[in-house]
Amino acid sequence: MEIVNTQTKIKRADIFPDHFGRRKFKNNLFLGAVIFFSLITISFVFLIIGTLVVKGYHQINWAFFTQTPPDTFTAMMAKSSGKIIPGGIINGITGTLYLVAIASLIAIPFGILIGIYLYENSSKRYATFIRDITDVLQGVPSIVVGLIVYLWVVVHITRGYSVLAGSAALAIMMLPLIIRSTEEAMKMIPDTLKEAAIALGTPYYKVVLRVLIPTSFSGIMTGILLAISRIMGETAPLMLTTLGNPAINWNLTKPVSAVPLLIWQFYNDPNMVDLIWSSTLFLMGFVLILNLLAKWIAAKRNL
Amino acid sequence: MNENNINTQPAILSIENLSIAYDKDKLAVKDVSATIEKNSITAIMGPSGCGKTTLLRAINRMHELYPNISTTGIIKLSNDNIYEMSTIKLRRKIGMVFQRPNPFPTLSIYDNVVAGYKMNDIRLKRSERDEIVETSLKDVTLWDEVKDSLHKKGTFLSGGQQQRLCIARALAFKPDVILLDEPTSALDPVATAKIEDLLVDLKKQYTIVLVTHNMSQAARISDNSMFMYMGELIEYEDTKTMFTNPKDKRTEGYLTGKFG
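The residue numbers shown here count from 1 along each chain, following its written sequence. Think of it this way: whatever chain is written first is A, whatever ligand is written first is 1, and the rest follow in order. Where local features are concerned, this predicted model is filtered to residues with pLDDT of at least 70; where side-chain atom pairs are given and counted, the filter is 80 or more; whole-chain, interface and lining totals use all residues.

A. How the structure looks around the domain arrangement of chain A. All names here are of chain A. As annotated, the domain borders come from an automatic or database domain assignment. In terms of domain boundaries, chain A breaks down into domain 1 (2–59) and domain 2 (90–299). Counting from both sides, the interface comprises six residues of domain 1 and, opposite them, seven residues of domain 2. Counted by class, the side of domain 1 that touches domain 2 contains three nonpolar, two polar and one charged residues. Remark: residues whose backbone-derived C-beta atoms lie within 7 Å of one another are considered to be in contact. Think of it as three bins: nonpolar holds Ala, Val, Leu, Ile, Met, Phe, Trp, Tyr, Cys and Pro, charged holds Asp, Glu, Lys and Arg, and polar takes everything else, Gly as well.

Okay, structure coming up:
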């Protein structure tokens, strides 16, 4: 009788013993911690954007996008009479776009070609070597890139600070990102697609041009946009290569300004402090849009 | 090996003493000789790793994509040695359809059909192109299903439709021979039945060589069957004889499900 009783009376506690409650508690504790820390991380992003908007928005007007910065005396007069600082950062905006455009022209073809090479010959020793070197290049501090370009381009080629030197420095920084993203995007293409093209009697270089590149286009594009948004804020290499320019310049061999360079100049001039925030807001907004665009393209990937 | 002269129709392909090795010493195909007759369906059967896919790929030299391959022997396509032709020309004469449907994801249905022309920069008049697309899609009985969405991406189609699209893409070049590598193994029974009907229909115009894991499929649609085992061509018969009265013990064992 005793034995039968103990067997028939199965309590909930037998199936879910005591430690089940403890597990649940631990689980919730961990979940709570994860949410807490991720909220802190997210809030930093919003705090940064929020601060920039609050401090910078009143400087952003038509003149901000169409005029060059004022001299320090004008800025001081405006400040002391309680007005916003006149002028804008058009020389920085055009300079940044110019530098990025030239850098992309240099880096994108090289990057894509090297990426394709790495994908096609992934196990060859030379490819492994290039891949390692690419990783090293990605780790080179930007100031070092700036110094080297100063030595090679500024001193010997353009004989002075120039757009070309700045673009060369930025291109070197873009290269590893484009190489790796091209290779990764191509790796996502199923081999069967390549075979389909080859089975149609397509010569190999056309398989690359007509199948591999179009199919991995969104991946390559994402990589390019992320690389651009990465180099847009670079300041150190530009200080050593393009220096800055108070006016708009389209001459490749002459110095040019850039938004991050202007931010640094404003920082060093107590009368210009207000322009820091609006310039930073502009830079941040631009980079943010590029990032969102990259994410959107990546999400539309149709593989 | 038995003599493989079972043909009633004129031969279009003849394989002569073909051996294919990976890494110099691993023989995937051992001294295979066979002739494939025109306007027939030839099924290649055998257990996994018996070399049937390698043999099929050797017919349009796709096996050369694998690293460290060495090939001896010859294959003749109506008296031309395919190993002396350019692969580009050869592959236009011998089309291929793969195990998994692989339409080009960046191209529309229309462009997928004429992909062979587009990739090779062969310029066609619009009317010619339209005609190729229409006849190729009609040949694979896909026309009625897609004629209103020709400019949608090919990847929106169902698996069976995609596979028929891939067959249409292979047909667009008007090849002599079509090679199919387990074309229905990724498809459901209804889509499979459609493809099988289609293949039987297509043999009026083309010669079809098909690798299949599915013995009943071979029995249903093929005219001649090859049985391969460990890289050797064990038996090559007309399908009825092979399924009712196999000559070799190994063929019988495979067909009755004792191994494979």
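There's plenty left to go through after this.
B. Looking closely at helix α11 (residues 204–215) of chain A. Helix length check: α11 of chain A, at 12 residues, gives a terminal C-alpha distance of 15 Å against a target of 16 Å (1.5 Å per residue), a fit within 8%. The burial label depends on the number of other C-beta atoms within 10 Å of a residue's C-beta. Counts of 20 or more mean buried, 12 or fewer mean exposed, and intermediate counts mean partly exposed, with C-beta atoms placed from the backbone. By definition, any uninterrupted DSSP run of H or I lasting at least four residues is a helix, any uninterrupted run of E lasting at least two residues is a strand, and each is numbered from the N terminus. Turning to α11 of chain A, its buried residues number three or more, namely Arg210, Val211, Leu212 and Thr215 of chain A. End-on, the buried residues of α11 of chain A take up no more than an arc of 160°, which puts them together on one face. Check the buried side of α11 of chain A and you find it contacts α6 (90–120), α9 (163–187), α10 (191–199) and α12 (217–232) of chain A together with α4 (115–119) of chain B. Given the number of residues in a helix, its expected span is that number minus one, multiplied by 1.5 Å. By definition, the arc is the one covered by directions from the helix axis to the C-beta atoms.

C. Representation of the environment of Thr87 of chain B within the structure. Residues and elements named next belong to chain B. With respect to the secondary-structure elements, Thr87 resides in helix α2 (residues 87–93). Using a count of 19 C-beta atoms within 10 Å as the deciding quantity, one classes Thr87 as partly exposed. Along the chain, Thr87 and Met62 lie 25 residues apart, while their C-alpha atoms are 8.7 Å from each other.

D. Quick peek at the sheet that holds strand β2 (residues 26–37) of chain B. Within the open sheet, the four strands sit side by side as β2-β1-β4-β5 (chain B). Their pairing is antiparallel. Two strands lie at the open edges of the sheet, namely β2 and β5 (80–81) of chain B, each paired on one side alone. For two strands to be treated as a pair, DSSP must find no fewer than two bridges joining them.

E. Layout of the interface of chain A and chain B. Listed per partner, the contact involves 18 residues of chain A and 19 residues of chain B. It is α10 of chain A that provides the largest number of residues to the side of chain A that touches chain B, a total of seven residues. Considering only residue class, the side of chain A that touches chain B consists of 10 nonpolar, five polar and three charged.

F. Expanded view of the pairing of strand β6 (residues 94–97) of chain B. Residue and element names in this part refer to chain B. Residues Ile94 and Met96 point to one face of β6 and Gly95 and Val97 to the other, with burial holding for every one of them. Taken together, the four bridges between β6 and strand β7 (residues 177–181) define a ladder with parallel strand orientation. The partner of Val97 across the bridge, within β7, is Leu180.

G. Just the packing of α9 of chain A against α12 of chain A, in detail. All names here are of chain A. Fitting a line to C-alpha atoms yields each axis, with helices limited to the stretch in contact; the angle taken between N-to-C directions then spans 0 to 180 degrees. Close contact between α9 and α12 brings their axes to 8 Å; oriented N to C, the two are set at 155°. The angle between α9 and α12 falls in the class roughly antiparallel. Remark: the crossing between α9 and α12 carries right-handed chirality. Contacts from Leu170, Met173, Met174, Leu177, Ile178, Ser181, Thr182, Glu184 and Ala185 of α9 reach α12 at Gly219, Ile220, Thr222, Gly223, Ile224, Leu226, Ala227, Arg230 and Ile231. Partitioned by chemical class, the residues of the contact of α9 with α12 number 11 nonpolar, five polar and two charged. Here roughly perpendicular refers to angles of 65 to 115 degrees, roughly parallel to angles under 35, roughly antiparallel to angles over 145, and oblique to all remaining angles. For a crossing to be left-handed, the near helix must be turned anticlockwise from the far one by less than a right angle; the clockwise case is right-handed.

H. A look at the sheet that holds β6 of chain B. Residue and element names in this part refer to chain B. The strand order across the open sheet formed by six strands is β6-β7-β8-β3-β9-β10, and the pairing between neighbours is mixed. Each edge of the sheet is formed by a strand with only one pairing partner; in this case those strands are β6 and β10 (232–238). The average angle at which neighbouring strand axes cross in this sheet is 20°, direction not considered. Across four bridges, strand β3 (residues 41–45) lies against strand β9 (residues 224–229) in parallel orientation. Residue pairing for β9: Thr42 is matched across the bridge by Asn224. Packing of helix α7 (residues 159–171) onto the sheet brings it into contact with β6 and β7, and relative to β6 it is tilted by some 170°.

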